[in-house]
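# Descriptive analysis of the structure
Single-letter residue listing:
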Amino acid sequence: MGKIRLTTAQALIKFLNQQYIHVDGEEFPFVEGIFNVFGHGNVLGIGQALEEYSGHLKVIQGKNEQGMAHAAIAYSKQMLRQKIYAVTTSVGPGSANLAAAAGTALANNIPVLFIPGDTFATRQPDPVLQQVEQEYSLAVTTNDALKPVSRYWDRITRPEQLMSSLLRAFEVMTDPGKAGPATICIAQDVEGEAFDYDEKFFEKRIHYIDRKAPVERELKGAADLIRASKKPVILVGGGAKYSQARDILVELSEKHNIPLVETQAGKATVESNFKNNLGGMGITGTLAANKAARQADLFIGIGTRYTDFATSSKTAFNFEQTKFLNINVSRMQAYKMDAFQVVADAKTTLEQLAPLLEGYESDFGNEIAQLKEEWTAERNRLSQVTFNSENFVPEVKNHFSQEVLNEYADALNTELPQTTALLAVNDTISPDSVIITAAGSLPGDVQRIWNTAEPNTYNVEYGYSCMGYEVSGALGVKLAEPTKEVYSLVGDGSFLMLHSEFITSIQYGQKINIVLFDNSGFGCINNLQMDHGGGSYFCEFRTHDNKILTIDYAKVAEGYGAKTYRVNTVEGLKAALEDAKKQKVSTLIDIKVLPKTMTDGYESWWNVGVAEVSNKESIQRAAEFRKQKLETAKQY
Ligand SMILES: Cc1ncc(C[n+]2csc(CCOP(=O)(O)OP(=O)(O)O)c2C)c(N)n1
Ligand SMILES: O=C1C[C@@H](O)[C@H](O)[C@@H](O)C1=O
Ligand SMILES: [Mg+2]
């Protein structure tokens, strides 16, 4: 057999160039490119290999490891997990910076390849710069911290180990039931070490994503359950989106009059204006979806993990009457809620179920249309909220006095409520634009009131809800959707935490639009503490002398070379959005919004830890309320 002498890093890059994916009859390269931040842990190995031969890989210099990893995750998510970017980092702090992003990929089941450098395999120069030392083991390095947040993890200390490790990593990343981050840590000396690799290892390799079909028992069981139910409700999860099940979902929903409700990951599988789509369900759900779920006698979870946000901490259903049917490629997920399990691809299963449901119709009658109409009216109200300085009642009530609200209006020089601003954005940008968000109050708002006009225009990461994904991830979405406008909807807190790849977007001419909602604080956490009887404690951004902190974010972005806008009215916002569409360079719209004007309520509940001991009566009441609420919740 032919041999080829390469360094470990060169072998890695050669291999990445030869991995293809086969989905629904189409075949294309799986690895689109590689993000890098070079340091001594990777520049002389992987850096050298890329400089000599990068093949078809697009090589992009990141600015922060977490940021560039978020960009890679958002890319993969937007490509419906059919294409990835790899991410190479240096050793020590460079790889430690990957941890939050790896958690993001894992919680959201997003395939991505992380390649952090590792300390010396020979240990000759130990401890090297950036090496941590444990007395109990010399084998522990910073990279061990990535184990709990990786779907597959390995350390390469000999060049030949790379071969079996890469095969495992690609098997994991291309399996829809297991997809997640694969982390291959390569000792920095080994990256440069030579080995005579079998040439065969570098031949074109195709990874097949075949749609797993349900077995007859599963199909029959599912059909029997649906036929026996009067009020079935379908929860559209991320798995339905990745399986591209839109058409069959619409067909079944229409034919059998079954309402659709959505998780964050599932939203924009089916467009919002589909007549039976009642929108987001759960803690940040719509009243329509939450009311439908409560009536369900059969709940059909398609590609969902049933997180607390989707199920209102397992209080969203009437557990006395609701049965569950889960369709999921992951057996682990299919087992949840003691459901009848169909462990198979969503689209294939629904297509095969269709003929078995002929003649069936739910008892919902006209009720779905009524629920949708009521919610549309509510959404309309939220688009027209206006502030006044005398008796303004914000969406989040009884937290701030009129005096404090006026203080914000003065300090931020705005009277703009968040819902009014958000819906003005929804109305103004073109319908095929993609939005991205992750943390703070905006994900809740968009799950409730953002109308998705087209499938796959909603890239919201709410599995890990990792601050920082919003802006850096927008670069990844743009790489996936080069012809579309991409809008990052981000709070001031998230923007401050991480926006490193905004600069990378400008550097590489990948235009993104940052729509920054500045309410000068960690608004949603402030709501959370005050909703549970606490005071306003360290969640507002206030100075040492208790003044509201004001930041000119437009000026910050100007410094990076972005086109910027300062906005404090709806008219100003619409004008800025129109002008931003014409720009070639990345833009930032700095919108000053009033606190407490995000959406709230709609018959949902969140089980969060509340102090059971406090001198405050309001906290004692919150703890008591939680106890009562838990009586109605499913225990597991
Ligand atoms: C990396 C990370 N750290 C902390 C949190 C907890 N957290 C969630 S939202 C939030 C505040 C967000 O503030 P901002 O972005 O301004 O949004 P707002 O709620 O004000 O709309 C915090 C600290 C998180 N989700 N992610
Ligand atoms: O703790 C949190 C509260 C949620 O409201 C928020 O959206 C999320 O980002 C979070 O981490
Ligand atoms: Mg904020």
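Just so it is clear, the structure is predicted and the values come from calculations on it, not from any experiment. (Residues numbered from 1 in each chain as written. Chains lettered and ligands numbered in written order. Predicted model: local features only at pLDDT ≥ 70, side-chain atom pairs only at ≥ 80, totals over all residues. Heavy atoms only, no water.)

## Considerations on the overall build of the chain
Defined as follows: Numbering of helices and strands starts at the N terminus; helices are DSSP runs of H or I of at least 4 residues and strands are runs of E of at least 2. The globule rule is 2.2 Å times the number of residues to the power 0.38, and the radius of gyration it is compared with is taken over C-alpha atoms. Each residue gets one of three labels from its accessible area relative to the maximum for its type: buried under 20%, exposed over 50%, partly exposed in between, using a 1.4 Å probe on protein chains only. Any pair of residues with heavy atoms lying within 4.5 Å of one another is described as a contacting pair.
When its secondary structure is counted, the chain shows 25 helices and 23 strands. A compact globule built from 636 residues should have a C-alpha radius of gyration of about 26 Å, and the chain, at 25 Å, falls within 12% of that. Across the 636 residues that make up the chain, the buried fraction comes to 59%. Long-range contacts, defined as pairs at least 24 residues apart, comprise 78% of the intrachain contacts of the chain with a sequence gap of at least 6.

## Things to note about the coordination of the magnesium ion (ligand 3)
As a reminder of what qualifies: Metal donors were taken as nitrogen, oxygen and sulfur atoms no farther than 2.8 Å from the ion, or 3.2 Å where the ion is Na, K or Ca. Water is excluded, so coordination may look unfinished.
Protein coordination at the magnesium ion (ligand 3): the donors are Asp 492 (OD), Asn 519 (OD1) and Gly 521 (O), at 2.1 Å from the metal. Written as a sequence motif, the donor arrangement for the magnesium ion (ligand 3) is D-x26-N-x1-G. Pair noted here: Asp 492 is in helix α20 (residues 492-497) and Gly 521 is in the loop between β21 (513-518) and α22 (523-531), with a separation of 29 residues, a long-range link. Comparing Asp 492 with Gly 521 shows no difference in burial state: the two are buried.

## Concerning the site of ligand 1
How we decide: Any residue with a non-hydrogen atom lying within 4 Å of a molecule or strand is treated as near it. What qualifies as a polar contact is a pair of N or O atoms within 3.5 Å, subject to a donor-acceptor requirement within protein and to the restriction that residues adjacent in sequence count only when both atoms come from side chains. In this classification, Asp, Glu, Lys and Arg are treated as charged, Ala, Val, Leu, Ile, Met, Phe, Trp, Tyr, Cys and Pro as nonpolar, and every other residue, Gly included, as polar.
Near ligand 1 lie 15 residues; those nearest to it are Ser 441, Asp 492, Gly 493, Gly 523 and Cys 524. Measuring from an oxygen atom of ligand 1, one finds a backbone N or O atom of Gly 493 at 2.7 Å. Every element with two or more residues in the shell around ligand 1 is listed here: α20 and α22. Along the lines of polarity and charge, the residues of the shell around ligand 1 split into 5 nonpolar, 9 polar and 1 charged.

## Examining the pairing of β21
For clarity, the cut-off: What makes two strands pair is DSSP finding at least two bridges between them.
Counting buried residues in β21 gives 6 out of 6 residues, a clear majority hidden from the surface. Residues Asn 513, Val 515 and Phe 517 of β21 are buried on one face, and the alternating residues Ile 514, Leu 516 and Asp 518, pointing to the opposite face, are buried as well. Note that strand β20 (residues 486-491) and β21 share 5 bridges and pair parallel. Note on β21: the bridge partner recorded for Leu 489 is Val 515.

## What to know about helix α5 (residues 99-107)
Among the 9 residues that make up α5, 7 are buried, leaving the element largely enclosed by the rest of the structure. When we look at burial in α5, the residues that qualify are Ala 101, Ala 102, Gly 103, Thr 104, Ala 105, Leu 106 and Ala 107. Positive backbone phi, at 55°, marks Asn 109, one or two positions downstream of α5.

## Description of the packing of aromatic side chains
Filter applied, for reference: Centres within 6.5 Å are what make two rings of Phe, Tyr or Trp a pair, Trp counting through its six-membered ring; a difference in plane orientation under 30 degrees is then read as stacked, over 60 as edge-to-face, and the rest as tilted. The criterion for a charge sitting over a ring is simple: Lys NZ or Arg CZ within 6 Å of the ring centre, and within 35 degrees of the ring normal.
For the structure on display, the rule yields 23 aromatic pairs. Taking the centre distance of 4.8 Å and the plane angle of 75° together, the rings of Tyr 537 and Phe 538 count as edge-to-face. Taken as a pair, Tyr 537 and Phe 538 share a single burial class, namely exposed. In this structure an aromatic cluster arises from ring pairing among Phe 15, Phe 30, Phe 170, Phe 195, Tyr 197, Phe 201 and Phe 202. Taking NZ or CZ as reference, Lys 596 lies 4.6 Å from the ring centre of Phe 400, over its face. Of note, Lys 634 hangs over the ring of Tyr 636, and the distance from its end group to the ring centre comes to 4.1 Å.

## Regarding the UniProt feature "domain: Thiamine pyrophosphate enzyme TPP-binding" (unreviewed entry) in the chain
In plain terms, the rule: UniProt positions are given in the numbering used here, feature names are shortened, and annotations may be inferred rather than shown by experiment.
Per the UniProt record, "domain: Thiamine pyrophosphate enzyme TPP-binding" (unreviewed entry) is annotated on residues 439-591. As annotated, residues 439-591 has a helix share of 42% and a strand share of 16%, and its two end C-alpha atoms lie 17 Å apart.

## Examining unusual backbone geometry
Along the chain, Asp 126 connects to Pro 127 via a cis peptide bond; the corresponding omega equals -10°. One non-glycine residue, Ala 268, adopts positive backbone phi at about 75°. According to the relative accessible area criterion, Ala 268 is buried, its value standing at 0%. We note that Asn 413 has phi near 55°; this positive angle belongs to a residue other than glycine. Within the element layout of this structure, Asn 413 appears in the loop between α16 (402-411) and α17 (418-428).

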